Amino acid sequence: MVESPFTIGRPVDLTFTDAEEAFRAECRTWLEANVPTDPLPSGDTRDGFTAHLGWERTLFDNRYAVVSWPVEYGGRDASLWEWLIFEEEYYRAGAPQRVTQNGIFLLAPSLFEFGTREQQDRYLRPMAAGEETWCQGWSEPDAGSDLAAIQSRATRDDAAGGWRLSGQKTWTTRGAFCTHLFGLFRSDPGAERHRGLTYFLVPLDTAGVTVRGFGRLDGDEGFAEVFLDDAFVADDQVLGDVHHGWTVAMATAGSERGLTLRSPGRYRAAAHRLVGLWRERGADPRLADDVTRAVIDAEAYQLQTLATVTRLARGDKPGPEASLTKVFWSELDVRIHEVARRILGPDAERADESWMKSYQFALSGPIYAGTNEIQRNVIAERVLGLPRR
Ligand SMILES: Cc1cc2nc3c(=O)[nH]c(=O)nc-3n(C[C@H](O)[C@H](O)[C@H](O)COP(=O)(O)OP(=O)(O)OC[C@H]3O[C@@H](n4cnc5c(N)ncnc54)[C@H](O)[C@@H]3O)c2cc1C
């Protein structure tokens, strides 16, 4: 729909088509009628997770769970533009967080790109319906930023036609509640670090898998450690090629950092709420510039996303540019919440739990999906072409 805003001398058409606006109206009407009026308990608690899955089921039954997916997997075959519109309307309506996000936003794009037809048929529909829920098994106690340092092993079991997985994963978001894990394992210990890795799809009820949930600073049991002890997975649970898991993982990371995990609707809605809060609390002129900056930055992210979607709609991959996006959205989120905290003053600790809860989560944005220090390294080396030293 749009040309890159960075193209000099060419007009940029930022208007959506009539059909896209009709889709927006349809989404808005449905969301206004169906979004739960009382907020659900946190999706990072056991009860909250179940309550959120009920909501995800409602989305799925009405074909709003995964609008851009093919109809056969529960989608509407909507374009990326329409997906963006849906996301905008979703956040505008204040709809619940998506507890299926690691499946539908991270794994699914890689399943579409690297999965066999059988894998797509097997996994996508239950994922969209929230019947099977996915967590990300990448980080290990001694491998976070340096993901290629992972030590969890995949050992070939020819007789059984598959692999035996052993090791420990950590920081597994909502791992205590999910049914499946997608993870990276070292399948060729003799190969160069990035080469000998394989990407596996693992049901968490597999014999030899133990999941231990643990609490976050905010009290929710949002994380898990996952221990694997000779857990068997069949060959058809490998995503992509054996020993080429790094390529698949980088594609997943592109979705996580670049577009699908954090769409601009989230930050535009938060900036809009911030303006409301500022007005309600006396419109302190000393904070006007900070509130304005939050709105402008959220709009800038929207424009940048239009350029990203233009690239993707042409068939490009997110690429290392996804790191630019990740630094921007995570730092924007922190800034929006810090301004909210200053507006609320001492009340921030007491009165407005929703802002404080999301502030605490915003603080983790520069860490998860790859820390911002690492993203800056990627930008320096792979986007700007600067030397490593
Ligand atoms: C809310 C949240 C959810 C998460 N969910 C998941 C999940 O679902 N699945 C999963 O697998 N992981 C998850 N993680 C883990 C996350 O991916 C890691 O925390 C992250 O990659 C950093 O790894 P680390 O914690 O081991 O820190 P380290 O890698 O030990 O880094 C410590 C510090 O050193 C800096 N640093 C390290 N290397 C360099 C370098 N080369 N140059 C400059 N600075 C460097 C880092 O930026 C960081 O500030 C989650 C984390 C958080 C906070």
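Refer to the structure presented above.
From a predicted model like this one, the values you see are computed outputs, not experimental measurements.

Take the pattern of salt bridges next. Counting across every chain of the model gives 35 salt bridges. Across the pair Glu-89 and Arg-28 runs a salt bridge, and its minimum N-O distance is 2.7 Å. Of this pair, Glu-89 sits in helix 3 (residues 80-92) while Arg-28 sits in helix 1 (residues 18-34), and the two are 61 residues apart along the sequence. Residue Arg-286 pairs with Asp-284 through a salt bridge whose shortest N-O separation is 2.7 Å. Each of Glu-21, Arg-24, Arg-28, Glu-88, Glu-89, Arg-268 and Glu-299 takes part in salt bridges that share partners, so that together they form one network.

Let us look at the side chain of Ser-330. With respect to the helices and strands, the residue Ser-330 is situated in helix 9 (residues 322-344). Side-chain polar atoms of Ser-330 contact the side chain of Asn-372, separated by 2.9 Å.

Quick look at unusual backbone geometry now. Not every positive phi belongs to a glycine, and Asp-77 is a case in point at roughly 60°. Along the chain, Asp-77 falls in the loop between helix 2 (46-61) and helix 3. Here Trp-171, not a glycine, exhibits a phi torsion of approximately 55°, which is positive. Tracing the backbone through its elements, the reader meets Trp-171 in the loop between strand 3 (162-169) and strand 4 (180-186).

Attention shifts here to the site of the ligand. Close to the ligand lie 16 residues, the nearest being Ser-139, Ser-145, Trp-171, Thr-173 and Thr-371. Here Ser-139 contributes a backbone N or O atom positioned 2.7 Å from an oxygen atom of the ligand. Computed on the free molecule, the ligand has an accessible area of 970 Å², of which 64% lies beneath the protein chains in the complex. When residues of the shell around the ligand are assigned to their parent elements, the largest contribution, 3 residues, is made by helix 12 (residues 372-383). Class assignment for the residues of the shell around the ligand results in 6 nonpolar, 9 polar and 1 charged.

In this fold, Thr-305 is placed in helix 8 (residues 288-313). When its relative accessible area of 1% is taken as the criterion, Thr-305 is described as buried. At 2.7 Å, the side chain of Thr-305 forms a polar contact with the backbone oxygen of Tyr-301.

A few words on the pairing of strand 7 (residues 223-234). Across 7 bridges, strand 3 lies against strand 7 in antiparallel orientation. Residue pairing across strands places Arg-164 opposite Phe-232, the latter belonging to strand 7. Alignment of strand 6 (residues 209-214) against strand 7, held across 6 bridges, turns out to be antiparallel. Its bridge partner lying in strand 7, Thr-210 is registered against Phe-227.

This paragraph deals with the environment of Glu-113. If you trace the backbone, Glu-113 turns up in helix 4 (residues 101-114). With a relative accessible area of 40%, Glu-113 lands in the partly exposed category. A C-alpha to C-alpha distance of 8.7 Å links Glu-113 and Val-248, two positions 135 residues apart in sequence. Setting aside chain neighbours within four positions, we find Glu-113 in contact with Ala-251 and Lys-317.

Bringing helix 6 (residues 245-258) into the picture now. For helix 6, built from 14 residues, the straight-helix expectation of 20 Å at 1.5 Å per residue is met to within 8% by its first-to-last C-alpha distance of 19 Å. In terms of burial, helix 6 is largely enclosed, as 11 of its 14 residues are buried. All buried positions along helix 6 are accounted for by Gly-245, Val-248, Ala-249, Ala-251, Thr-252, Ala-253, Gly-254, Ser-255, Glu-256, Arg-257 and Gly-258.

Reading the values: the criteria
Residues numbered from 1 in each chain as written. Predicted model: local features only at pLDDT ≥ 70, side-chain atom pairs only at ≥ 80, totals over all residues. Heavy atoms only, no water. Salt bridge = Lys/Arg side-chain N within 4 Å of Asp/Glu carboxyl O. Helix = DSSP H or I, 4+ residues; strand = E, 2+ residues; numbered from the N terminus. Polar contact = N/O pair within 3.5 Å; in protein donor to acceptor, adjacent residues only side chain to side chain. Near = heavy atom within 4 Å. Areas by Shrake-Rupley, 256 points an atom, 1.4 Å probe, with all protein chains shown as cover. Nonpolar A, V, L, I, M, F, W, Y, C, P; charged D, E, K, R; others polar. Buried < 20%, exposed > 50% of the residue type's maximum accessible area, 1.4 Å probe, protein only. Pairing = 2+ DSSP bridges. Contact = heavy atoms within 4.5 Å. Expected span 1.5 Å × (residues − 1).

Everything listed is a geometric property; what it means functionally is a separate question.
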